[in-house]
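The lines below spell out each chain.
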Amino acid sequence: MTPIQPLFLLLLGLIGAQANLDLRTAAAMAAGLCKARPTDLVFIIDSSRSVRPSEFEQVKVFLAKVIEGLNVGPSATRVGVVNYASRVKNEVSLKTHRTKAGLIKAVTKIEPLSTGTMTGLAIQFAMNVAFSEAEGARAKSSDVGKVAIIVTDGRPQDNVKDIAQRARDAGIEIFAIGVGRVDMNTLRQMASDPLDDHVDYVESYSVIEKLTKKFQEAFCEDLVSDLCATGDHDCEQVCISTPGSYKCACREGFTLMDNGRSCSACSNSATDVVFLIDGSKSVRPENFELVKKWINQIIDKLDVSESKAHVGLVQYSSTVKPEFPLGRYNNKKDLKEAVKKMAYLERGTMTGQALRYLVENSFSLGQGARPGVTKVGIVFTDGRSQDYIGEAAKKAKENGFKMYAVGVGNAVEDELKEIASEPTGEHYFYTADFKAMSQIAKKLQINVCNGDPCECDSLVKFQKKVEAALQALTKKHILYDR
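All figures in this text were calculated on a predicted structure; none of them were measured in a lab.

Draft legend 1. Seen up close, the confidence of the model for the chain. This prediction gives the chain a mean pLDDT of 80; 77% of its residues lie at or above 70. Segment residues 437–460 is flagged for pLDDT under 50; beyond a separation of four residues in sequence, or across chains, it makes 54 contacts in the model. Across residues 470–482, where pLDDT falls below 50, the model places 36 contacts with residues more than four positions away in sequence or in other chains.

Draft legend 2. Structural view of the sheet that holds strand E7 (residues 199–202). Read from one edge of the open sheet, six strands run E4-E3-E2-E5-E6-E7, paired in mixed fashion. At either margin of the open sheet sits one strand with a lone partner, and together these are strand E4 (88–92) and E7. Recorded for the sheet is a direction-independent mean angle of 20° between the axes of neighbouring strands. Together, strand E2 (39–46), strand E3 (77–84), strand E5 (145–152) and strand E6 (173–179) form the strand contacts of helix H3 (residues 53–68), whose direction differs from that of E2 by roughly 170°. Across the sheet, helix H5 (residues 119–130) is in contact with E2, E3, E4 and E5; its angle to E4 comes to roughly 50°.

Draft legend 3. Looking closely at the environment of Val314. You can see Val314 is positioned in strand E14 (residues 309–316). Not counting residues up to four positions away in its chain, the partners in contact with Val314 are Val274, Phe275, Leu276, Ile277, Val320, Lys321, Pro322, Glu323, Tyr357 and Ser362.

Draft legend 4. Region of interest: the sheet that holds E14. Taken together, the six strands give an open sheet; going across it, the order is E15-E14-E13-E16-E17-E18, and neighbouring strands pair in mixed fashion. Every other strand in the sheet has two partners, leaving strand E15 (320–324) and strand E18 (428–431) as the edge strands with one partner each. Across the sheet, the mean angle separating the axes of adjacent strands is 15° when strand polarity is ignored. Where strand E13 (residues 271–278) meets strand E16 (residues 374–381), seven bridges bridge the pair, whose relative direction is parallel. Bridging across to E16, Thr271 finds its partner in Thr374. Sheet strands in contact with helix H11 (residues 285–301) are E13, E14, E16 and strand E17 (402–408), and its direction is about 170° off that of E13.

Draft legend 5. Seen up close, the packing of aromatic side chains. Inspection of every chain in the model, using the stated rule, returns seven aromatic pairs. Ring centres of Phe324 and Tyr329 lie 5.3 Å apart, and the angle between their planes is 85°; this geometry places the pair in the edge-to-face category. For Tyr329, a relative accessible area of 21% translates into the label partly exposed. Residues Phe363 and Phe401 carry aromatic rings whose centres are separated by 4.5 Å and whose planes lie at 45° to one another, so their mutual orientation is tilted. Within this pair, whereas Phe363 is found in the loop between helix H13 (351–362) and E16, its partner Phe401 is found in the loop between helix H14 (390–398) and E17, the two being separated by 38 residues in sequence.

Draft legend 6. Examining the pattern of salt bridges more closely. Applying the stated criterion to the full structure yields 19 salt bridges. Across the pair Lys105 and Glu306 runs a salt bridge whose closest N-O atoms are separated by 2.5 Å. Of this pair, Lys105 sits in helix H4 (residues 100–108) while Glu306 sits in the loop between H11 and E14, and the two are 201 residues apart along the sequence. For the salt bridge of Glu398 with Lys394, the shortest nitrogen-to-oxygen distance reads 3.9 Å. Here Glu398 pairs with Lys394, and both are found in helix H14, just four residues apart, close to one helical turn. In the salt-bridge network here, residues are joined through shared partners; they are Glu57, Lys60, Glu111 and Arg328.

Draft legend 7. Broad picture of the state of the cysteines. Following the criterion strictly, the structure yields one disulfide and no others. The disulfide bridge from Cys235 ends at Cys248, spanning 2.0 Å between sulfur atoms. Measuring the twist about the S-S bond at about -80°, one finds the Cys235-Cys248 disulfide to be left-handed. One end of the pair, Cys235, is in the loop between helix H10 (227–230) and strand E9 (238–242); the other, Cys248, is in strand E10 (residues 245–249), and 13 residues separate them in sequence. The buried category is assigned to Cys235, whose relative accessible area is 11%. By relative accessible area, Cys248 is classed as buried at 8%.

Draft legend 8. The arrangement of the environment of Ile163 in detail. On the secondary structure map, Ile163 appears in helix H6 (residues 161–169). C-alpha of Ile163 to C-alpha of Met127: the two residues are 36 residues apart in sequence and 9.0 Å apart in space. The contacts of Ile163, once residues within four sequence positions are left out, are Gly120, Ile123, Gln124 and Met127.

Draft legend 9. Focus on the packing of H11 against helix H12 (residues 332–340). Taken N-terminus to C-terminus, the directions of H11 and H12 make an angle of 170°; their axes are 9 Å apart at the nearest point. The pairing of H11 with H12 is recorded here as roughly antiparallel in orientation. From H11, Lys292, Ile295, Asn296, Ile299 and Asp300 reach across to H12, where they touch Lys332, Leu335, Lys336, Val339 and Lys340. Within the contact of H11 with H12, the residues separate by chemical class into four nonpolar, one polar and five charged.

Draft legend 10. Local environment of unusual backbone geometry. Note that the residue after Asp193, namely Pro194, is joined by a cis bond; omega there is -5°. Following the sequence through the fold, Pro194 ends up in the loop between helix H7 (184–190) and helix H8 (195–198). Note that the residue after Glu422, namely Pro423, is joined by a cis bond; omega there is -10°. With respect to the helices, strands and loops of the structure, Pro423 is situated in the loop between helix H15 (413–419) and E18. Look at Ser114: it is not a glycine, yet its phi comes out positive at around 60°. For Arg284, which is not a glycine, the phi torsion comes out positive at approximately 75°. Along the polypeptide, Arg284 turns up in the loop between E13 and H11.

Conventions and cut-offs
Residues numbered from 1 in each chain as written. Predicted model: local features only at pLDDT ≥ 70, side-chain atom pairs only at ≥ 80, totals over all residues. Heavy atoms only, no water. pLDDT = per-residue confidence, 0-100. Contact = heavy atoms within 4.5 Å. Pairing = 2+ DSSP bridges. Helix = DSSP H or I, 4+ residues; strand = E, 2+ residues; numbered from the N terminus. Axes fitted to C-alpha atoms, helices over the stretch in contact; angles between N-to-C directions. Phe/Tyr/Trp six-rings, centres within 6.5 Å; stacked < 30°, edge-to-face > 60°. Buried < 20%, exposed > 50% of the residue type's maximum accessible area, 1.4 Å probe, protein only. Salt bridge = Lys/Arg side-chain N within 4 Å of Asp/Glu carboxyl O. Disulfide = S-S within 2.5 Å. Parallel < 35°, antiparallel > 145°, perpendicular 65-115°, else oblique. Nonpolar A, V, L, I, M, F, W, Y, C, P; charged D, E, K, R; others polar.

Given below as structure tokens:
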């Protein structure tokens, strides 16, 4: 949790001499204590072919971060998501998810439709279906707000002016966010008055997250009490208060399940595993195929399911490309197929940038991570990083991630040690080529589990399965081609 005081001072510097009420709202936002009046909120997101898959992932991260700042619940803010291109898909109904964790997980699983841009059709669908009582909307009342947030990057292929007017006349407040080469006149036709408050533009999807604070502030009206103390939570065993919200935990001998509230015994311990894979040009295409086989052989040994092991995959070179987030695939077949489809990036080796992405995004709720479960990062590289890795590597370990560094060929052992968790001898592995991977397999042993029997049980099982996968890989008589 970021310290409250620095954020508070920053907000004061930004708002200067505004009214006392504005200062109070800023303080509440800094502390994460804001609560909205009961609102039915529907995101309407453009996933037409002009929105690249990596950009669509950034839209989902933006949605998740806005949701994280809301007071989600049946009697507070209900959230729905409408996905559109040439057709419209109701991804999340207002009635579907009662908890923030469940809602964010559903957002991470949304896939782009990748066809045309029928924005008017999407607004009509939202008005007639998404905001209907059958889909979980509350009856029209001055006590319940109706809000639509539209995110689009292009010119619509149908009329939006008339249908947007009808939606506003029906009591729906519309915010319009445009990205890149969007038609600004279209945004103004859709948005509610005053336009200055309801129309936003960002240059690219990579900076859309900067709007998060605006929308959290838009829903900020009063302060939230201690939800654990008032009993307004659904934790099975232990409720821990956080500013404006809460998180669930479990008593000793139990592990938090993927729903974020239930607890189970050690035998059902869950693990979130993220592979951070070097796809730089030095790896070469034929060896990149071997890396994918190595990942899949580890997956074969994991107990992949909704409640146990979840796997995410990130590739990096000069840029970072999230291939798929945690929890998107909950069976080995789909997971391995997704790994096989990973396309080789080539270019440079920005390991520091990739580690920063892992720290800030890969293990976040918005990317499918589960509260209270073991977080394991496996970094694979074949060369020296072209940027500084120290700060991000340190932050990963401070966040409690169990970090493994696997180096091949020209990888720098000092960098591997800097990435790896303590004791480094058990968490970093180097080999000159794939033929010598058995040496790594021999090192993959964990004997220290910080006194937590559930964590120990889970990690030892994980290590043994990885060791078996590495041993299987060495049986393939393929040298690492330098």
